[in-house]
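Survey of secondary and tertiary structure
Residues per chain are reported as follows:
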Amino acid sequence: METIAHDIVIVGGGAAGLRAAIAAAEASPTLSIALVSKVYPMRSHTVSAEGGAGAALGPDDNPDLHAFDTIRGSDWLADQDAVEAFVSEAPGEIIRLEHWGCPWSREPDGRIAVRAFGGMSVDRTVFAADKTGFHLLHTLFQTSLRYEQIVFYDEFFVTKLLVDDGRCAGVAAFDIRDSEVRCILAKAVILCTGGAGRIFPFTTNAAINTGDGMGLAYRAGVPLKDMEFVQYHPTGLPGTGILMTEASRGEGGLLFNNEGRRFLEDYIPSKMELGPRDILSRAIMQEIEKGHAFEGPYGHYVHLDIRHLGEKTIDTKLFFLRELAKNFIGIDPVHEPIPVRPVVHYMMGGVDTDIMGRTPLAGLYAAGETACVSINGANRLGSNSLTECLVFGARVGRQAAEDALEALAPPTTLLAELAGKEQDRLVGTYLQREGGGERISTIRTDLQTAMERGAGVFRTEESLKEAVEAVIGLRERYSEVAIDDRDRAFNTELVAALELDNMLDVAEAVVRSGLERRESRGSHTRRDHADRDDERFLRHSLAISTAEGAMIEYRDVTITQWPPAERKY
Amino acid sequence: MATVGEILEGSDRREVRPQPGRVPLTLRIRRYNPEVRDDSWWDEFTVEVEPNDRLLDALHEVKWYRDGTLALRRSCGHGVCGSDAMLINGRNALACKILVKDVAPRVTVEPIRGLAVLKDLIVDMEPFFAGYRSILPWLINDEGEPRLERVQTPDERHHYDDTTKCILCAACTTSCPIFWSDEEYVGPAAIVNAHRFVYDSRDQGARERLRILSEKTGVFRCRTTFNCTEACPRGIEVTKAIQEVKRSILFDRF
C-alpha cells in the first residue's frame, strides 16, 4: 500500500475543484494540494455548460436584485445568507477569470458582455460565445498549471473517505491504470465531483456524472440535502438529450407547440421563453399531455425556433448550438425549428455544507453541484451554477487552506490500514468474485427507468413509493453484480461498477426525500400535493444513511431580507 | 429578417428526419491488453443500433452487453470534452461525433497513433500533455490585476478566437506524420495553444513562447501536410495557425 500525504485533497477537477485548488494555492505557498480526478480535468462536465455565468456586473444591475431573483427562483428554499455571499462575490470572480485569460465575449466598447437568461430580471449572464463552460474550465485548468504545489492525480478513482475519530483525513483512491489503491492522506478533503444526472435515462449530463462525491459523503454519514429537487432543462434534443442552450432563448428564441402557438402565454405570460426552468419544463410536459406536442421517433417534443435571429447572430452567439443541431439531428436551425423536450440537467441537492463549504464531518468539505449550500433551493436559475462553482470553489479552497494550516498530520498507520481494506474489497467484490449473475448495464438501465417513472417532472405518493421499492430491489440485485473484466490495467468496467454503487445511493436519497416532501415547490411537483406548504416544508430535507435505508430529517431555511412570498412572475 | 408571424406561417411541422429502426453495424476493433498478450489483435462485434446513434453508442453497446473488457475513454458524448478521439476508418475523429448512418454497415476502430497504447482504444496521453505544458499555456501578464476587467474589443477577441476552440483531444497531433516519427516534436495542438495566447491582446508571454517554439522541437518541424487541419473535430485551421506562428517567429518583433 502506497501512502502519500498532502495538506489538501480535492476530489474532482471541474470548475469547483480547480477554483478551490487555485484558492488554496493562493492562500499559502507552503500547502501541498492534490487534485484527484477520474478523468483529465478538462474532460469534466463543466465543459458542457453553454449559456453563461450570472453576476451583477451591468450598470442596471445590483447584487440585491440578483439575490431576489435567485431566491424567488428557488421558491424560497435557498438560504438567504448563502445567496447574499454568492451575489456579492460573483462579480469579482468573473473579473478574476478575465484576468486569468478567460475569453469572455465583449461589448463593442471592450467590456465583458452580458445577455438575458431565464428567471433573471435584467441582462446579467456573462458568456464566451455559447461555450462558456468550456472556456471557463480551460481557463481554470491553465491557471492551475502555474502552481507547482498543485499535484494532479489524473484518472484516479476515489473509493472511500478515510475517517478516523470523527475526522476525514484522506481518501482511498486507485489509479485506473493499474487498479492499485493508494492511501492519500490530507488535513482537508474537498468533494467537487459534480452532479448525478446519470441516474436518469434522459439527461444532458456526461457519462461521468454518477454522483460519486455524494455517494462517498453519504456512506461516511454526511447528510445529503434537498435531494428531491432535480432540474429538468426545458430544451434538450430528443434521443440524445444534448442540450440546446438557454442562451438561445436569451437571444430571442421562441417555443411553439404543434398548433404553431407560443404556448407559454398560457403558463407564464409575463416572462414567456425567459421564465425559470421548472415552470417551462412543466409547461412543455403539460402541452404533451394535452396533445399539443409533435411526435417523433424519440417521443414528444415542441419547437425551439431561432430562425428570426438570422444567420449572422446565430453564428456569432449560438454557433455551437447550430453545430450540435446539424451534427446530431440533421437540422440547421438557421432554416428549421429545433425539436426539444425537457431533459434532466442538474441536481439542486447535494452534500450538506455551510456557506464556507464545510460539511458536518470535520475535515470534509464540498463545493459545486456536488454540494448543497444552498443557493439554489428548489429550482436553480440558469447561469447561477458556473458562478456557484467559482464563488464557493474559492470559498471552500480558502477555508480548507486555513484549517489545514492549523491541523495536525493524520495518523498514517491506521488510515493506511483502512485503505488496504479498500484494495481487498475491490479484489474480493469485483476482480476475483465467484458467481454473481447481474450485469452492471441491466441494473443501471432498470434504475434509470424507475427514476424517470417515479421521480420525473410530475410525481405522486404512489409513483415515489414504487420508485423507493424499485431502488431497494436494485440495491439487492447489485450485491450479485459481476464484471467481465478481471484485469488490472484500465479496468473501466470496475469503475462503472463503483459508479453504479454511488448512483444507487444517490437515487435512494432522491426518491425517499421526494416521498416525504408532500408539497409542490420549485422542481418538485406532486400531483397529489399541488400547493406549496410553508408551514410544514419551508425546510431543507436531509437524507441520512442508516441500516434501514435513508432516513429523512429537516432543517429550517435561513431567511434574512426576503420573507417567503408567493412565487409570482 | 423574417417576423415571428411570417415564420409561424411558414413553420413546417415535419418530424425529425432520420427515422428509427435499428440497423446492424459491424465494428472491427483493434484490441490490446498487456495482461493477455504482447501484441494487438482484432475483434469483430455486430450490434443493432439506430442510424442516428453515435458510434460511441455502438461502442457502449459492445462494452455493456457483449464484452465488458473493452476499454475506451468518453465523457460528454457530444464533441466538446475531447476524451474519445480514435482512428475511425483510418481517420482521426471523435467517436461521439460520428453517426452510425455515416459508417454502417461496417466500421474499423483503432487507437490514435503515435502515443503508446495502454489498453484497447486508450493511449498514454502524458507525452501529449507534456507538449501542451511546454508552451506555457496560461495568460502571462505582469502588469498586476486591474480592479475591473481588461478591455478587449470584439475585433481583438476575434483575432485569437479560432485557437481558443482546442479541446485537447489529440486528433491533430496524432495525425501528424512528423509527430509519429519524432516524439520530441511538440505537435500541432501545443502550437495551437501557443497561438491562442500569442495573439491575445492581453498576453505578454509571446516572446517566451515563440522562443520555445523556435527550438528544434518546435514549429519548424512542421511540413505543412494539413493532416492536422483535416483531423480537427472542432474545425480549427490548425495548419494556418502553425504558419502564423512560424511567420511571427521570423518577422515579428515581440
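Residues numbered from 1 in each chain as written. Chains lettered and ligands numbered in written order. Predicted model: local features only at pLDDT ≥ 70, side-chain atom pairs only at ≥ 80, totals over all residues.

Our next topic: the overall build of chain B. Each helix and strand in chain B was counted, giving 9 helices and 7 strands. When the backbone C-alpha atoms are referred to their principal axes, chain B occupies close to 65 × 60 × 35 Å. Put simply, of all contacts in chain B between residues at least 6 apart along the chain, 66% involve residues at least 24 apart. (Helix = DSSP H or I, 4+ residues; strand = E, 2+ residues; numbered from the N terminus. Contact = placed C-beta atoms within 7 Å.)

Attention shifts here to the overall build of chain A. Looking only at helices and strands, one finds 15 helices and 24 strands in chain A. Against the globule reference of 25 Å for 569 residues, chain A gives a C-alpha radius of gyration of 22 Å, in line with a compact fold. Taking all 569 residues of chain A together, 65% fall into the buried category. Restricting to contacts in chain A with at least 6 residues of sequence separation, those with at least 24 account for 75%. (Rg over C-alpha atoms; globule rule 2.2 N^0.38 Å. Buried ≥ 20, exposed ≤ 12 C-beta atoms within 10 Å, placed from the backbone.)

Attention now goes to the interface of chain A and chain B. It is common to give the size of an interface as the accessible area lost on bringing the parts into contact. Each side of the interface is counted separately: chain A has 61 residues, and chain B has 54 residues. Secondary structure elements with two or more residues in the side of chain A that touches chain B: helix H3 (80–99), helix H4 (132–144), strand E14 (254–256), strand E15 (294–296), helix H9 (319–329), helix H12 (440–455) and helix H14 (492–516) of chain A. Partitioned by chemical class, the residues of the side of chain A that touches chain B number 28 nonpolar, 19 polar and 14 charged. (Nonpolar A, V, L, I, M, F, W, Y, C, P; charged D, E, K, R; others polar.)

Residue and element names in this part refer to chain B. Confidence in the prediction of chain B, expressed as mean pLDDT, is 91, and 91% of residues score 70 or more. In the predicted structure, residues 1–19 sits below a pLDDT of 50 and forms 30 contacts with residues beyond four places in sequence or in another chain. Here the prediction assigns the complex a pTM of 0.96, and the interface score ipTM is 0.97. (pLDDT = per-residue confidence, 0-100.)

Residues and elements named next belong to chain A. Within the secondary structure, Pro411 sits in the loop between helix H10 (384–406) and helix H11 (412–431). Exposure remark for Pro411: the 15 C-beta atoms within 10 Å place this residue in the partly exposed category. The spacing of Pro411 and Leu304 is 107 residues in sequence and 57 Å in space, taken between C-alpha atoms.

Here we take up the sheet that holds strand E10 (residues 180–185) of chain A. Residues and elements named next belong to chain A. Spatially, the 4 strands line up as an open sheet ordered E1-E10-E9-E8, and their pairing is mixed. Across the chains shown, the open sheet's two edge strands, defined by having one partner strand only, are strand E1 (2–5) and strand E8 (156–164). The sheet shows a mean angle of 25° between the axes of neighbouring strands, direction not considered. Inspection of the sheet shows E1 paired to E10 by 4 bridges, in the parallel sense. Looking at E10, one finds that Ala5 is bridged to Leu185. Running at roughly 155° to E10, H11 makes contact with E1, E8, strand E9 (167–175) and E10 of the sheet. (Pairing = 2+ DSSP bridges. Axes fitted to C-alpha atoms, helices over the stretch in contact; angles between N-to-C directions.)

The next subject is the domain arrangement of chain B. All names here are of chain B. By the assigned domains, chain B splits into domain 1 (23–123) and domain 2 (126–142 + 153–251). Between the C-alpha centres of domain 1 and domain 2 the distance comes to 28 Å. Each side of the interface is counted separately: domain 1 has 13 residues, and domain 2 has 13 residues. Its residues assigned to classes, the side of domain 1 that touches domain 2 shows 7 nonpolar, 4 polar and 2 charged. (Domains from an automatic or database assignment.)

Take the pairing of E10(A) next. All names here are of chain A. Most of E10 sits inside the fold, with 5 of its 6 residues counted as buried. Pairing between E9 and E10: 6 bridges, direction antiparallel. The partner of Ala172 across the bridge, within E10, is Cys183. Count of turn residues in the E9/E10 antiparallel hairpin: 4 residues, of which Ser179 carries a positive phi of about 60°.

Right, let's get into helix H3 (residues 126–134) of chain B. All names here are of chain B. Here H3 has its buried residues at Phe128, Phe129, Gly131 and Tyr132. Projected onto a plane normal to the axis of H3, the buried residues spread over an arc of 150° and lie on a single side. Facing away from the buried surface of H3 by more than 90 degrees, the exposed residues are Glu126 and Ala130. Where H3 is buried, its residues contact helix H6 (188–198). Trailing H3 by a residue or two, Leu136 shows a phi angle of about 55°, which is positive. (Arc of directions from axis to C-beta.)

Next up on the list: the packing of H3(B) against H6(B). To characterise two packed helices, one gives the angle between the axes of the helices and the distance between these axes. Residue and element names in this part refer to chain B. Direction vectors running N to C along H3 and H6 enclose 25°, while the axes themselves pass 8 Å from each other. Classified by the interaxial angle, the pair formed by H3 and H6 is roughly parallel. Between H3 and H6 lies a crossing of right-handed hand. In contact with Phe128, Gly131, Tyr132 and Ser134 of H3, H6 contributes Ala189, Ala190 and Asn193. (Parallel < 35°, antiparallel > 145°, perpendicular 65-115°, else oblique. Left-handed = near helix turned anticlockwise from the far one by under 90°.)

A separate point is the domain arrangement of chain A. Residues and elements named next belong to chain A. Split by domain assignment, chain A resolves into domain 1 (233–343) and domain 2 (420–556). Each of domain 1 and domain 2 has a C-alpha centre, and these two points are 31 Å apart. Each side of the interface is counted separately: domain 1 has 5 residues, and domain 2 has 5 residues. Element by element, the count of residues in the side of domain 1 that touches domain 2 is highest for helix H7 (residues 277–289), at 4 residues. Taken together, the residues of the side of domain 1 that touches domain 2 sort by class into 2 nonpolar, 1 polar and 2 charged.

For the rest of this paragraph, the subject is helix H2 (residues 55–65) of chain B. Across the 11 residues of H2(B), 8 count as buried, placing the element largely inside the fold. Of all the residues in H2(B), the buried ones are Leu55(B), Leu56(B), Asp57(B), Ala58(B), Leu59(B), His60(B), Val62(B) and Lys63(B).

On to the nonpolar core. Most often, soluble globular proteins keep nonpolar side chains buried together rather than apart. All names here are of chain A. Ile8, Ile10, Val36, Val171, Ala173, Val189 and Ile190 are the most contacted members of the largest nonpolar core, which totals 266 residues. With 14 residues, the top contributor of residues to this core is H14. In this view, Ile8 contacts Ala24, Leu31, Ile33, Ala186, Lys187, Ala188, Ile190, Ala400, Ala401 and Ala404; residues no more than four positions away in its chain are not counted. One finds Ala116, Met120, Leu274 and Leu381 within the second-largest nonpolar core, a separate group that totals 5 residues. (Core = buried A, V, L, I, M, F, W, Y, C linked by C-beta atoms within 7 Å.)

Another aspect to go through is the confidence of the model for chain A. Looking at chain A as a whole, the pLDDT averages 97, with 100% of positions reaching at least 70. Model confidence for chain A, summarised as mean pLDDT per element, is weakest for strand E5 (residues 114–115) of chain A at 94 and strongest for strand E19 (residues 364–366) of chain A at 99.

Turning our eyes to something else, we now look at the pairing of strand E11 (residues 188–191) of chain A. Residue and element names in this part refer to chain A. The alternating pattern of E11 places Ala188 and Ile190 and Val189 and Leu191 on opposite faces, both of which are buried. Looking at chain direction, strand E2 (residues 8–11) and E11 are connected through 4 bridges and run parallel. By the bridge assignment for E11, Val11 is matched with Leu191. Relative to E19, E11 runs parallel, the two being bridged by 3 bridges. Note on E19: the bridge partner recorded for Ile190 is Tyr365.

For the rest of this paragraph, the subject is the sheet that holds E2(A). One key point about sheets: their strands pair by backbone hydrogen bonds, in either a parallel or an antiparallel sense. All names here are of chain A. A sheet is described by the order of its strands in space; here 5 strands give the open sequence E7-E3-E2-E11-E19, paired in parallel fashion. Of all strands in the sheet, those with a lone pairing partner are strand E7 (150–154) and E19, marking the two edges. The sheet shows a mean angle of 20° between the axes of neighbouring strands, direction not considered. Of the strand pairs in this sheet, strand E3 (residues 33–37) and E7 are connected by 5 bridges, and their pairing is parallel. Across the sheet, Leu35 pairs through a bridge with Phe152, a residue of E7.

The next subject is the environment of His529(A). All names here are of chain A. With respect to the helices, strands and loops of the structure, His529 is situated in the loop between strand E22 (525–526) and helix H15 (534–537). For His529, a count of 19 C-beta atoms within 10 Å gives the class partly exposed. Separated by 10 residues in sequence, His529 and Glu519 have C-alpha atoms that sit 4.8 Å apart. Excluding residues within four positions of it along the chain, His529 makes contact with Arg518, Glu519 and Ser520.

Bringing unusual backbone geometry into the picture now. The peptide bond linking Val373(A) to Ser374(A) adopts the cis configuration, its omega dihedral lying at 15°. Looking at the element boundaries, Ser374(A) is found in the loop between strand E20 (371–372) and H10. At Trp76(A), a residue that is not glycine, the phi angle is positive and equals roughly 65°. Of note, Trp76(A) is situated in the loop between helix H2 (63–73) and H3. Residues other than glycine seldom take positive phi values, yet Leu168(B) does so here, at roughly 60°. Along the polypeptide, Leu168(B) turns up in the loop between helix H4 (154–159) and helix H5 (177–181). Take Leu168(B): there are 24 C-beta atoms within 10 Å of it, and that puts it in the buried class.

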